[in-house]
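Okay, here's what each chain looks like letter by letter:
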Amino acid sequence: MSHNDTAVIRIHPADNVVIARRQLVSGTRLESEGVTVQGLVPPGHKVAVRAIAAGEPVRRYNQIIGVARQPIAAGQHVHTQNLEFSAFQRDYAVGQGAHPTEYVAEPATFDGIVRADGRIATRNYIGILTSVNCSATVARAIADHFRRDIHPDALAACPNVDGVVALTHGAGCATGSEGEPLKVLRRTLGGYARHANFGGLMVVGLGCETNQIGGLMEQEGLRESGLLHTFNIQDTGGTRKTVARGIELVERMLEQANQVQRQPVPASHLTVGLQCGGSDGYSGISANPALGAAVDLLVRHGGTAILSETPEIYGGEHLLTRRAQTPAVADKLLARVRWWEDYCARNDAEMDNNPSAGNKAGGLTTILEKSLGAIAKSGTTNLTDVFEYAEPVRSRGLVFMDTPGYDPVSATGQVAGGANLICFTTGRGSAYGCAPAPSLKLSTNTALWQRQSDDIDINCGEVVDGAQSVAQMGERIFQLMLQTASGRRTRSEEHGYGQNEFVPWQLGAVM
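This report concerns the structure included in the present document. (Residues numbered from 1 in each chain as written. Predicted model: local features only at pLDDT ≥ 70, side-chain atom pairs only at ≥ 80, totals over all residues. Heavy atoms only, no water.)

**Examining the environment of Arg10**
And then number 1: Inspection of the secondary structure puts Arg10 in the loop between strand E1 (8–9) and strand E2 (17–20).
And then number 2: Sequence-wise, Arg10 and Gly292 are 282 residues apart; in three dimensions their C-alpha atoms are separated by 19 Å.
And then number 3: Here His12 takes part through its backbone oxygen, which lies 2.7 Å from a polar atom of the side chain of Arg10. (Helix = DSSP H or I, 4+ residues; strand = E, 2+ residues; numbered from the N terminus. Polar contact = N/O pair within 3.5 Å; in protein donor to acceptor, adjacent residues only side chain to side chain.)

**Regarding the side chain of Thr28**
And then number 1: Positionally, Thr28 belongs in the loop between E2 and strand E3 (29–30).
And then number 2: Taking relative accessible area as the criterion, Thr28 reaches 17% and is therefore assigned buried.
And then number 3: Here the side chain of Thr28 touches Val25 through a polar contact of 2.7 Å, landing on its backbone oxygen.
And then number 4: Here Thr28 is in contact with Val35, Thr36 and Val37, once residues within four sequence places are set aside. (Buried < 20%, exposed > 50% of the residue type's maximum accessible area, 1.4 Å probe, protein only. Contact = heavy atoms within 4.5 Å.)

**Here's the deal with the nonpolar core**
And then number 1: Core analysis: the largest hydrophobic core is formed by 89 residues, its most contacted members being Leu270, Ile477 and Met481.
And then number 2: When residues of this core are assigned to their parent elements, the largest contribution, eight residues, is made by helix H6 (residues 287–300).
And then number 3: Residues contacting Met481, with those up to four places away along its chain left out, are Leu270, Val272, Leu291, Ala294, Leu421, Cys423 and Leu440.
And then number 4: If you look at the next biggest cluster of nonpolar residues, it comprises 25 residues, including Val204, Phe231, Leu249 and Ala257. (Core = buried A, V, L, I, M, F, W, Y, C linked by side-chain atoms within 4.5 Å.)

**Side note on the packing of aromatic side chains**
And then number 1: This model, assessed by the stated rule, comprises eight aromatic pairs.
And then number 2: Aromatic pair Trp340 and Tyr343: ring centres 5.3 Å apart, planes at 90°, arrangement edge-to-face. Of the two residues, Trp340 and Tyr343 both sit in helix H8 (residues 327–346), three residues apart, roughly one turn of that helix.
And then number 3: Owing to a relative accessible area of 23%, Tyr343 belongs among the partly exposed residues under this scheme.
And then number 4: Relative to Trp505, the ring of Tyr389 has its centre 5.4 Å away and its plane inclined at 70°; by these criteria the two rings are edge-to-face. Here Tyr389 is found in the loop between strand E19 (383–387) and strand E20 (397–401), whereas its partner Trp505 is found in the segment after helix H15 (491–495), with 116 residues between them in sequence. Of the two residues examined, Tyr389 and Trp505, each falls in the buried class.
And then number 5: Among the aromatic side chains, those forming a connected cluster through ring pairs are Trp339, Trp340, Tyr343, Tyr389 and Trp505.
And then number 6: The ring of Phe88 carries the charged tip of Arg90 above its face, separated from the ring centre by 5.1 Å.
And then number 7: Above the plane of the ring of Tyr314 lies Arg90, whose end atom (NZ or CZ) is 5.2 Å from the centre. (Phe/Tyr/Trp six-rings, centres within 6.5 Å; stacked < 30°, edge-to-face > 60°. Lys NZ or Arg CZ within 6 Å of the ring centre and 35° of its normal.)

**Focus on the packing of helix H1 (residues 136–144) against helix H5 (residues 239–257)**
And then number 1: Where H1 contacts H5, the axes come no closer than 9 Å and their chain directions differ by 45°. The angle between H1 and H5 falls in the class oblique. Note that H1 runs across H5; the crossing there is right-handed. Residues Val138, Ala141 and Ile142 of H1 form the contact with H5, whose own contacting residues are Thr239, Thr242, Val243, Gly246, Ile247 and Val250.
And then number 2: Tallied by class, residues from the contact of H1 with H5 come to six nonpolar, three polar and no charged. (Axes fitted to C-alpha atoms, helices over the stretch in contact; angles between N-to-C directions. Parallel < 35°, antiparallel > 145°, perpendicular 65-115°, else oblique. Left-handed = near helix turned anticlockwise from the far one by under 90°. Nonpolar A, V, L, I, M, F, W, Y, C, P; charged D, E, K, R; others polar.)

**Some remarks on the pattern of salt bridges**
And then number 1: The full count for this structure, using the stated rule, is 20 salt bridges.
And then number 2: A salt bridge links Glu493 to Arg123; the nearest nitrogen and oxygen atoms lie 2.8 Å apart. Here Arg123 lies in the loop between strand E11 (120–121) and strand E12 (125–130) and Glu493 lies in helix H15, a separation of 370 residues in the sequence. Like Arg123, Glu493 is buried.
And then number 3: Where Arg252 meets Glu248, a salt bridge forms, and the shortest distance between an N and an O atom there is 2.9 Å. Of this pair, Arg252 and Glu248 both sit in helix H5, four residues apart, which is roughly one turn of the helix.
And then number 4: Note on Arg252: relative accessible area 54%, which makes it exposed.
And then number 5: Salt bridges here are not isolated pairs; linked through shared partners, they connect Arg90, Glu317, Arg338 and Glu341. (Salt bridge = Lys/Arg side-chain N within 4 Å of Asp/Glu carboxyl O.)

Structure below.
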């Protein structure tokens, strides 16, 4: 990437477009490219640096992001008016880019919470899960009793407890009692029930729902204990009695949950979910590559990173198959991509529908362009495994989890799989957080940081500004990961985000 022109960024020598650092007006001379801008080009958007014929591929990152739908002159704005998605033949080159990981001699540490069974936590919550939407109000009422902003005395004696959170959802009934939709919901709930960041947990049901608590417990191998309670509204005697019982059980769990102390543990106990939301034209230049550099550090220190959002790697999956540790890993990834193609065909949807209005306003035109930027979050290490949605992540290094591109659904799957930290890049200004895993937000541009620093933890716009290299920013992100895992609160935690962002993937028909 060159910074020899203050007006634009060239990512690769073979690209036929460059990216505007700031708004460019007609007549602006791009000395580094030898072209003059024709028309208005917003910041983060693409400018053609040579004539591109109709049907000719447009290249960014030295990869195809689409084809010209009409002739494009040098200096013109390249976007939805003249660039369109087009399928192309990918060279999967399985494993050709894989290489042995060089681990550091002395791994970094963070101050984690060591559970009695050896699991490592980055936070310490009491959680209330629901089997069905019908018990959501009761679960929320129990949690609200312990809200520090409303009832500061409720947790005054428990400084080591991060809070009591109700993670409710809109499913659990009106679906088949057998089949994938219920299985995936139960797998998601089970992943949260086992999550190390819960020092105590309860599951509240209504009583007559399809997702019976007994079936959930059996599928997920869960057992009741002093720190895992289950009950339902119908058996307990209605709303008031159920809320009272829940409050009583939380109070019993709090004393034990408060008996924790943080201690240094290796960075290998860190599992980071990678997310991007509200992406823009800078995402693939600043925050995503910087996060990728941090992921490379994390993996070399023995940790794990989960790349997800299958529709947002579409068209760039060949970059991941090249890094697949084995052909079986590449096959698993391509099987998930094929599933999505079939899923879209069944639902009269198109993979290129993915870029949102905000993505396009920020300079992203096609899913191919969005995917190439999104994959940059994964760094350069080998792809070691591929998991289905909410499956327990049992491999180290860089792994992939099949999820939708919708951030709350995707992150919910990652946390169910064991992510104890989320890193979330944004160019448009996402205000996201999730419980029980803290979520760090990384801005792609300095204008967003200045406008919405209330929601952003680190400004990667310094890479676009030329003040920091990608490697330097990656080191800063890695250190912030360790500090956050050690208990440093994120912006979204300060604002109380997390409970409403629990959104399991709802598959299949609702009957």
